[in-house]
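Here is what each chain is made of, one letter per residue.
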Amino acid sequence: MEPNQTPKELKLTHFIQKFVGTQTCPTGLVHYVDSQGQLHELHSSQLPKKNGMIRIVAISDTHERHDLLDLPSGDVLLHCGDALMFNTGFSPQVSTYKLRSFNKWLSTTPHKERIFIGGNHNAILETLGKAKVQQILTNCHYLANEHHTLKCGLPLFGTPASVANTPQSPNKAFQYDMTVIDTMFKHNVRPTIDILMTHGPVSSLPPAQRFIEEFGTPLAFCGHIHEQHGVQTFHRTICANASTMAAIDQKFSPSNPPVVLDVARTRGHSIGSHL
């Protein structure tokens, strides 16, 4: 049962409903990344055959509009944070209810494995802690500055770290001091990972930049900065910003397509397909 909201929470809920729109991308549209790191706008029916490769579907910054998404099937779904919106304004009870709704939606996605990290809008994840969050999010692996090996054998590391977009933002979950992030990448992240998941883009996290430059991590996924949705190559690492939200008519709407890549099981080989 949905918990009762205070007048202040009801006012914020009303604001979110107005501020976060419902305009989505056309059904079946995806952003497919080929082996050269080039992005192609395709319909899911046009996706290349996998030929034994692992299909990764990446999204981020769904901000409570996840149930509107049309996702292609795949082996792995990566969600790079910010499932909730303005989470600091709600009680733990209301926020936990929202997490349970998100978890229910995850069970409906057409993927064999699902990985989720937090973001700066997800203060409830910090409040509850890793163990309690994982008890709620039973339909995914929740990573909080942790390693995980996918069922296909690919190792990844997921961190909710990001830096503030504006000093005025009240959404500051997981926005660590840069020295903390630097220590993490120097001492805790294994050089052999194939996939790096961060909430903030690598371009905004110098310790992550230095890490992938030194160790040649093949893939990096992020979100956080909605207007940077797309793909860029940094020191031969394919960096995909999979933010789902886009600015439309002075508000957000979940109109960016999911990002899709096909990767081999062997580190650094055959990332994506040629089109």
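Structural notes, computed from the coordinates. (Residues numbered from 1 in each chain as written. Predicted model: local features only at pLDDT ≥ 70, side-chain atom pairs only at ≥ 80, totals over all residues. Heavy atoms only, no water.)

### So, the side chain of His66
Logical step 1: Mapped onto the secondary structure, His66 falls in the loop between β3 (54–59) and β4 (74–79).
Logical step 2: Classification of His66 as buried rests on a relative accessible area of 8%. (Helix = DSSP H or I, 4+ residues; strand = E, 2+ residues; numbered from the N terminus. Buried < 20%, exposed > 50% of the residue type's maximum accessible area, 1.4 Å probe, protein only.)

### Considering the packing of aromatic side chains
Logical step 1: Under the definition given, this model contains ten aromatic pairs.
Logical step 2: Both rings, one in Phe102 and one in Phe116, keep their centres 5.1 Å apart while their planes meet at 55°; by these two values the pair is tilted. On the criterion of sequence distance, the pair formed by Phe102 in helix α2 (residues 92–106) and Phe116 in strand β5 (residues 111–117) is long-range, its members being 14 residues apart. Each member of the pair Phe102 and Phe116 is classed as buried.
Logical step 3: By the ring-pair criterion, three or more aromatic residues cluster together here, those being Phe15, Phe19, Phe86 and Phe252.
Logical step 4: One Lys or Arg, Lys98, reaches over the ring of Phe90 and ends 3.5 Å from the middle of that ring. (Phe/Tyr/Trp six-rings, centres within 6.5 Å; stacked < 30°, edge-to-face > 60°. Lys NZ or Arg CZ within 6 Å of the ring centre and 35° of its normal.)

### Description of the sheet that holds strand β6 (residues 141–143)
Logical step 1: Taken in spatial order, the seven strands of this open sheet run β2-β1-β15-β3-β4-β5-β6, and their pairing is mixed. Lying at the two open borders of the sheet, with one neighbouring strand each, are β2 (39–43) and β6. Across the sheet, the mean angle from the axis of one strand to that of its neighbour is 25°, orientation sign disregarded.
Logical step 2: Note: β3 against β4, four bridges, orientation parallel. Paired with Ile59 across the bridge in β4 is His79. (Pairing = 2+ DSSP bridges. Axes fitted to C-alpha atoms, helices over the stretch in contact; angles between N-to-C directions.)

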